[in-house]
Amino acid sequence: MSLTRRTLGLAGLAGLAACAPRPAANGRTVFNAVDVHPADYPTVNAVKWMGEELGRLTDGRLGVRQFPAGQLGTEDDSIGLTRFQAVDICRVAVAALNNAFPETRLLALPYVFRSVGHVRAVVDGAIGTELLNVFEHRGLVGLAYYDAAPRCFYNVRRPVSEPGHLRGLKMRAPQSDIFLDSIRAMGANPTPLTFGAVFSSLQTHLIDGAENNWPSYQSSRQFEVARYWSQTEHSFSPDALLMSKASLERLGKADQDLVRDVARRSVPLMRVEWDRREAAARATVIAAGTQVSEVDKAAFAATVRPVLDKYLAEPRLRALHERIAAVA
């Protein structure tokens, strides 16, 4: 992961906005948190709750200021800003971390998880703890994993119920080698784009479709132009809530422990809101005319078996995969 010219520019803007955490004259420390999702999104609300809870437990000494809706750039920008201490906290999709943190690839590989319950059990257990600890060697601290799945395909052209129906379609992919490889293996032509570029790219037919979860499909209004949804559930990749290691280490040990604890306690609250938001988003887009297709999941899973084999050739990832498969 490199510090790009764009990230440097954003870091400068963030600095001007006083986005580095420094205790104020009154001893109050405010952590600045970024997210590409809108202000009412479950992940944004979870971090808002964190700020409120930190304030309550410290009599206002600690707090969080938020920059949602991509105000400070893309998810790649968010990671760079957090690593280099321009902001303190970011929420990003695991796919955005795969290339820099290879261990996270297990969370993004297709058809690794059986269900939402399965991925929650994994990230809540010992494996999840291990995969939160992989970030510290590059200036980040893993605070929690949030729900962001299941991910499914949608497009502007036609119903898709089996892999052959994807053939010839240009599908947006997150900027992750795993997603590029997986979409290609399933028969489509992957086009890497940032999340914020998807709506206009669908409108102009730069792409034919994309893949994501129900809440993102609805909140981004992509359902207005891409009305064919396919329930592939090809990825249960979660989101990661990360903090600048330097920002956390400026705190005393008790406050560090408190920040970690409040982040962990935000997870079940986020999940309740996520489940509610997912159901509401699905109902909204179907009422607006989205056509939902059930699919042959076994056929889709078979197409990406070579992708799994490619990444699981690495012994550590294969061992993690075996442990994930064994989680009830």
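Remember, it's a predicted structure, so these values are computed and weren't measured experimentally.

Looking at this structure, how should I read unusual backbone geometry?
Most peptide bonds adopt trans geometry, and most residues besides glycine take a negative phi value. With an omega dihedral of 5°, the bond running from Ala-149 to Pro-150 counts as a cis peptide bond. Here Pro-150 is to be found in the loop between β4 (140-146) and β5 (151-155). For Asp-59, which is not a glycine, the phi torsion comes out positive at approximately 55°. Take Asp-59: it is sitting in the loop between α2 (42-57) and β2 (62-67).

What is the right way to read the side chain of Gln-256 from this model?
Relative to the assigned elements, Gln-256 resides in helix α11 (residues 253-287). By relative accessible area, which is 16% here, Gln-256 ends up buried. Excluding its chain neighbours within four sequence positions, the residues that come into contact with Gln-256 are Leu-248, Glu-249 and Leu-251.

How should helix α5 (residues 116-124) be read in this particular structure?
The α-helix advances 3.6 residues per turn, and as a result positions three or four apart in sequence lie on the same side. For α5, every residue scored as buried is listed here: His-118, Val-119, Arg-120, Val-122 and Val-123. On its buried face, α5 is in contact with α4 (105-108), α6 (126-132), β4, α11 and α14 (315-326). Taking the backbone nitrogen of Gly-117 as reference, a side-chain oxygen 3.4 Å away marks Ser-115 as the first, capping residue of α5.

Could you clarify how one ought to interpret the packing of aromatic side chains in this entry?
By convention here, two paired aromatic rings are described through the distance between centres and the angle between planes. Across all of its chains, the model carries eight aromatic pairs by this definition. Ring centres of Tyr-41 and Trp-274 lie 6.1 Å apart, and the angle between their planes is 70°; on these two criteria the pair is classed as edge-to-face. In this pair, Tyr-41 sits in the loop between β1 (29-34) and α2 while Trp-274 sits in helix α11, placing the two residues 233 residues apart along the sequence. Both rings, one in Trp-214 and one in Trp-229, keep their centres 3.8 Å apart while their planes meet at 20°; by these two values the pair is stacked. Remark: Trp-229 occurs in strand β9 (residues 228-235) and Trp-214 occurs in helix α9 (residues 214-219); sequence separation between them is 15 residues. Classification of Trp-214 as buried rests on a relative accessible area of 2%.

Sorry if this is basic, but what is going on with the sheet that holds strand β10 (residues 239-244) here?
Remark on secondary structure: sheet strands pair via backbone hydrogen bonds, oriented parallel or antiparallel. Strand order in the open sheet made by the five strands is β2-β1-β3-β10-β4, with mixed pairing throughout. Each having just a single partner strand, β2 and β4 make up the two edges of the open sheet. Neighbouring strand axes in the sheet, compared pairwise and without regard to direction, differ in orientation by 25° on average. Pairing of β4 with β10, which is carried by six bridges, proceeds in the antiparallel orientation. The residue bridging Val-141 from the neighbouring strand is Met-243, located in β10. Most of the contacts of α2 go to β2, to which it runs at about 155°, and overall it touches β1, β2, β3 (89-93), β4 and β10. Its contacts with the sheet place helix α3 (residues 75-83) against β1, β3, β4 and β10, and it is angled at close to 145° to β3.

Criteria and cut-off values
- Residues numbered from 1 in each chain as written.
- Predicted model: local features only at pLDDT ≥ 70, side-chain atom pairs only at ≥ 80, totals over all residues.
- Heavy atoms only, no water.
- Helix = DSSP H or I, 4+ residues; strand = E, 2+ residues; numbered from the N terminus.
- Buried < 20%, exposed > 50% of the residue type's maximum accessible area, 1.4 Å probe, protein only.
- Contact = heavy atoms within 4.5 Å.
- Polar contact = N/O pair within 3.5 Å; in protein donor to acceptor, adjacent residues only side chain to side chain.
- Phe/Tyr/Trp six-rings, centres within 6.5 Å; stacked < 30°, edge-to-face > 60°.
- Pairing = 2+ DSSP bridges.
- Axes fitted to C-alpha atoms, helices over the stretch in contact; angles between N-to-C directions.

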